[in-house]
Amino acid sequence: MKKSIIAGASVAALGFAALPFAGVFAATSSQFTDTLTVGVKGGCTLENSTQSEAGDYSVSDRSFTNDIATGTVGYLNADATGAASTTAGTVTVSCNTDASTSEWTVSLDVTDLSNGTAADDITGGNQTSGPDSGWAIKSNATGTTTANPFGSAYTAAADTAAFLSATADNTVTFNPSYQVYVGPNQAPGTYTGTAVYEVDLP
């Protein structure tokens, strides 16, 4: 009687030992790793001098208002002589490369000054007298540039892929100001238009 009990216990023990232990053989882990790879491209930004710190673009957009009588010239972001104001800040081109072989370009995209009636639109023009209204832009750029076609005088507002250019090893600051001539027959009203500047480093 005792022998059969002992033999039975031995068989049971051997059967238990043959089973695999889950904790030893299962593929489990208490952690994993994400590997992040980021490529930083060469590029430039336009930074307003009124920013509180680098990378604060909340003050990038600017807005100017002036009332101009018919038959006269007026200025926005400039005094009565056309000299640029710095109240709204100046704009510096900042690049993450200083290579003299890399050249950045600021493009310009404009709209007509409009009161909502297309026939009344004030289109680009640098005239200061005559029957037709017109508006013009001056870059007021400082620093060494390779192209600055709007730099020497107020030039008729127009779309251009090369408003301002320089090599990346030069620091250039610009501060566009605007001249508007209102012709004697220009319809009264509020006219609004935009000039969009965008920098690109190919």
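Scoring rules and cut-offs
- Residues numbered from 1 in each chain as written.
- Predicted model: local features only at pLDDT ≥ 70, side-chain atom pairs only at ≥ 80, totals over all residues.
- Heavy atoms only, no water.
- Disulfide = S-S within 2.5 Å.
- Helix = DSSP H or I, 4+ residues; strand = E, 2+ residues; numbered from the N terminus.
- Buried < 20%, exposed > 50% of the residue type's maximum accessible area, 1.4 Å probe, protein only.
- Pairing = 2+ DSSP bridges.

K.L.:
Even after reading the chapter, I still don't get the state of the cysteines, so can you show me in this structure?
P.N.:
Each disulfide is one covalent bond, formed between the sulfur atoms of two cysteines. Applying the stated criterion across every chain yields a total of one disulfide. A sulfur-sulfur distance of 2.1 Å marks the disulfide that ties Cys44 to Cys95. On the S-S bond that ties Cys44 to Cys95, the torsion sits near 100°, and the link is right-handed. Taken together, the residues span a long stretch of sequence, with Cys44 in strand E1 (residues 44-48) and Cys95 in strand E3 (residues 91-95) at a distance of 51 residues. Overall, the relative accessible area of 14% leaves Cys44 in the buried class.

K.L.:
Would you mind showing me how to read the sheet that holds E3 here?
P.N.:
Pairing in this open sheet of three strands is antiparallel, and the strands run E1-E3-E8 from one edge to the other. In this open sheet, the two edge strands, each paired with only one partner strand, are E1 and strand E8 (173-174). Relative to E3, E1 runs antiparallel, the two sharing five bridges. Bridge pairing in E3 links Thr45 to Ser94.

Functional significance is not addressed by these values, which are geometric in nature.
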